[in-house]
Amino acid sequence: MATKGEFSVGRVAARCGVRVSTLHFYERKGLIRSTRNNGNQRRYRADVIRRVAVIKAAQRVGVSLESIRAAFATLPDQRTPTQRDWQRLSRRWHGELSERITQLERLRDSLTGCIGCGCLSMDNCPIYNPDDRLAEEGPGPVILDRASKPEAD
Ligand code: FES
């Protein structure tokens, strides 16, 4: 039986919409922590539910587990993070997430025209990639890759 403020692995998994094995994986990666009760069962603090929610949201937009782990390392381990703790994490992550948003916007905005992939199937391919000249720059969608590269300062 979980004591007040503690959650079993099954309850956290159910509330977060993940498998128990996923929580074990996050623990192995150092993203979340559990304690053990007298029966040697995992018990989680409530803030683990928020951490798992943030992990899932970040992964959905392509943020790496390593980046998530580094950001979470700014959160206190031995107590429930406060709003101020999360604000500090947010400031730290702001730059990377903003860059990712920019990349996603560029991707969204580049899909209506030629992406320089070599297919020559779009109306404006002859303008942007005549005779697939961009292949000389390397494999893949050259225009799309250019668009998703972070702008040089
Ligand atoms: S979209 Fe493929 S070459 Fe233009």
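Before any of the text, the structure's been laid out above.
So, here is what we can say about the structure in this document. Since the model is a prediction, treat every value here as computed from it, not as a measurement.

### Digging into unusual backbone geometry
The phi dihedral of Leu120 is positive, around 50 degrees, even though this residue is not glycine. Inspection of the secondary structure puts Leu120 in the loop between α5 (83-110) and α6 (125-128). Its relative accessible area of 40% is what places Leu120 among the partly exposed residues. The backbone phi angle of Asp131 is positive, close to 50 degrees, even though this residue is not glycine. Tracing the sequence through the fold places Asp131 in the loop between α6 and α7 (142-148). By relative accessible area, which is 71% here, Asp131 ends up exposed.

### Regarding the pattern of salt bridges
The full count for this structure, using the stated rule, is 6 salt bridges. Among the salt bridges present, the one from Asp85 reaches Arg88, with a minimum N-O distance of 3.0 Å. Of this pair, Asp85 and Arg88 both sit in helix α5, 3 residues apart, roughly one helical turn. Exposure remark for Asp85: the relative accessible area of 3% places this residue in the buried category. The class for Arg88 is partly exposed, based on a relative accessible area of 36%. Taken together, the shared-partner salt bridges connect Arg45, Asp47 and Arg51 into one network.

### Overview of the packing of aromatic side chains
Using the criterion set out here, one finds 2 aromatic pairs in the structure. For the pair Phe25 and Tyr26, a centre-to-centre distance of 6.1 Å together with 50 degrees between the ring planes defines the contact as tilted. Its relative accessible area of 4% is what places Tyr26 among the buried residues. Ring centres of Phe72 and Trp86 lie 6.1 Å apart, and the angle between their planes is 85 degrees; on these two criteria the pair is classed as edge-to-face. A residue pair is termed long-range when its members are at least 10 positions apart, and Phe72 in helix α4 (residues 65-72) and Trp86 in helix α5 qualify at 14 residues. Overall, the relative accessible area of 4% leaves Phe72 in the buried class. Taking NZ or CZ as reference, Arg50 lies 4.3 Å from the ring centre of Trp86, over its face. When the ring centre of Phe72 is taken as reference, the NZ or CZ atom of Arg51 above it lies at 5.7 Å.

Conventions adopted
Residues numbered from 1 in each chain as written. Predicted model: local features only at pLDDT ≥ 70, side-chain atom pairs only at ≥ 80, totals over all residues. Heavy atoms only, no water. Helix = DSSP H or I, 4+ residues; strand = E, 2+ residues; numbered from the N terminus. Buried < 20%, exposed > 50% of the residue type's maximum accessible area, 1.4 Å probe, protein only. Salt bridge = Lys/Arg side-chain N within 4 Å of Asp/Glu carboxyl O. Phe/Tyr/Trp six-rings, centres within 6.5 Å; stacked < 30°, edge-to-face > 60°. Lys NZ or Arg CZ within 6 Å of the ring centre and 35° of its normal.

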